[in-house]
Amino acid sequence: MRNLTIKREKSFVGCLVKANVYVHDELTGDTKINGDKCYKLGSLKNGEEKTFTIGDDETKIYVVADKLSMKLTNEVCYIPAGFENVYLMGECKYNPIGGNNFRFHGMTDPRVLANRKKSNKKFGVYFAICLIVGIAFGIFAGYDSPDLAKNGEPFEIIDDSGVKMTLTDAFVDTNLAGFNFTYGCDDVAVFGFADEFSLMEGLEDYSIKEYGELSIANNNLNSEVEKENGVIYYEYDSYVADEGATYCYLAAMYKSEDAFWTITFAVDEAQYEEYKPYFLEWANSVMFVEE
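Computed from a predicted structure; not experimentally measured.

> Can you lay out the sheet that holds strand β11 (residues 163-168) for me, pointing to particular residues and giving the numbers?
What links the strands of a sheet is backbone hydrogen bonding, and the strands pair in either a parallel or an antiparallel sense. Taking strand neighbours across the sheet as the criterion, the three strands line up as β10-β11-β19 in an open arrangement whose pairing is antiparallel. On the outer flanks of this sheet lie β10 (154-158) and β19 (287-288), each paired with one strand and no other. Summarising the sheet, β10 and β11 pair through five bridges and their orientation is antiparallel. Residue pairing for β11: Glu156 is matched across the bridge by Thr166.

Structure below.
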């Protein structure tokens, strides 16, 4: 037996979501990931390091957000046979179309890169279906949403995360993995995540604009921070090759008592200009509920 140590570095992305670690074992595994029987070694909080015991044979290590999303998106690392202890590092990477996945550092194995590409494609197609068809939202919610987002009646949402905002009654809570909260309907998705100040020394001293500029730089986005109708935001888009479609995003930013929040509104490119005034209106309604 040997030790496997994994360090999850602090990241702005998915800071409240645990990274669950599984090891491939066809004999004792009770969970299937990518067709492999695996069992859970444990979980990692943001910035946490843990040591697990694994065998000396060649094996695979999987990291997933939860059992709901592991079939869509996961990270894998191939561990060669040997007796030496193994040390790995990684973090969650910002990628709304890919599920904000955990990624190991320094991976060059073609099998790992192929799995990432496959995961991004699966999640991208799934996300596209959520936006265009509304199938996934209907399944999660258990009822038919009333038409399109703009056609619903104003409806106040108070999420368990402490975010309060006014959307419309077309939206339903979808609990999509990788975010603090997600809401969707037939044509629009809304997803948000918090970056706690503890993630980086001095982060609490940043302005919302400075935080936005940092996020844009960290995620290599071709965008800039703007302010309109009292909302500080930036825009970007993403092309999903499998669908042949481009999706546009308006990421509104906020500063609460202990974190920065990014709440993103997403829609098909063809509808973005029509929906942008709605996105700004909804974004302007955001408040944070104290416990």
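The rest of the description comes next.
> Let's hear about the sheet that holds strand β3 (residues 31-33): which residues, and what values?
With antiparallel pairing, five strands are arranged side by side in an open sheet as β3-β4-β2-β6-β7. This sheet does not close on itself; its edge strands, each paired only once, are β3 and β7 (75-79). On average, adjacent strands in this sheet sit at an angle of 40 degrees to one another, irrespective of strand direction. In this structure, β3 lies alongside strand β4 (residues 36-44), joined through three bridges in antiparallel fashion. Residue pairing in the sheet places Ile33 in a bridge with Asp36 of β4.

> Explain the pattern of salt bridges to me, using residue names and the numbers behind them.
Opposite charge on two side chains lets them pair, provided their charged atoms get close. Throughout the structure, instances matching the rule amount to seven salt bridges. Note that Asp109 is salt-bridged to Arg111, the shortest N-O span being 2.8 Å. Glu213 is the partner of Lys209 in a salt bridge, and the nearest nitrogen-oxygen pair spans 2.4 Å. Within this pair, Lys209 and its partner Glu213 are both found in helix α3 (residues 208-218), separated by four residues, close to a single helical turn. With a relative accessible area of 43%, Lys209 lands in the partly exposed category. Residue classification places Glu213 among the partly exposed residues on the basis of a relative accessible area of 38%.

> Describe in detail helix α4 (residues 272-284), supporting the description with residues and values.
For α4, with 13 residues, the first-to-last C-alpha span of 18 Å sits near the 18 Å given by 1.5 Å per residue. Among all positions of α4, only Tyr272, Tyr275, Lys276, Phe279, Leu280, Trp282 and Ala283 are buried.

> Which residues make up the pairing of strand β6 (residues 59-64), and what are the values?
Of all six residues making up β6, six are buried, and the element is well covered by its neighbours. The alternating pattern of β6 places Thr59, Ile61 and Val63 on one face and Lys60, Tyr62 and Val64 on the opposite face, and all of these are buried. In this sheet, β6 lies alongside strand β2 (residues 19-24) in antiparallel orientation, the contact comprising four bridges. Note that in β6 the partner of Val21 across the bridge is Val63. Bridging between β6 and β7 involves five bridges; their strand directions are antiparallel. Along β7, the bridge assignment pairs Tyr62 with Val76.

> Can you break down the packing of aromatic side chains residue by residue, with the values?
Taken as a whole and judged by the stated rule, the model has 18 aromatic pairs. Summarising the aromatic geometry, the rings of Phe181 and Tyr183 are spaced 5.9 Å apart at their centres and angled 55 degrees between planes, so their arrangement reads as tilted. Considered together, Phe181 and Tyr183 belong to a single accessibility category, that of buried residues. Clustering of aromatic rings is evident, with ring pairs tying together Phe171, Phe265, Tyr272, Tyr275, Tyr278, Phe279 and Trp282. The ring of Tyr78 is capped by Arg111, whose NZ or CZ atom sits 3.8 Å from the centre of that ring.

> Residues and numbers for the pairing of strand β18 (residues 259-268), please.
The element β18 is extensively covered by neighbouring structure, given that ten of its ten residues are classed as buried. Looking at chain direction, strand β14 (residues 188-196) and β18 are connected through nine bridges and run antiparallel. Within β18, the position partnered with Gly192 by the bridge is Ile263. Hairpin connection between strand β17 (residues 245-255) and β18: a loop of three residues separates the two successive antiparallel strands.

About the cut-offs
- Residues numbered from 1 in each chain as written.
- Predicted model: local features only at pLDDT ≥ 70, side-chain atom pairs only at ≥ 80, totals over all residues.
- Heavy atoms only, no water.
- Pairing = 2+ DSSP bridges.
- Helix = DSSP H or I, 4+ residues; strand = E, 2+ residues; numbered from the N terminus.
- Axes fitted to C-alpha atoms, helices over the stretch in contact; angles between N-to-C directions.
- Salt bridge = Lys/Arg side-chain N within 4 Å of Asp/Glu carboxyl O.
- Buried < 20%, exposed > 50% of the residue type's maximum accessible area, 1.4 Å probe, protein only.
- Expected span 1.5 Å × (residues − 1).
- Phe/Tyr/Trp six-rings, centres within 6.5 Å; stacked < 30°, edge-to-face > 60°.
- Lys NZ or Arg CZ within 6 Å of the ring centre and 35° of its normal.

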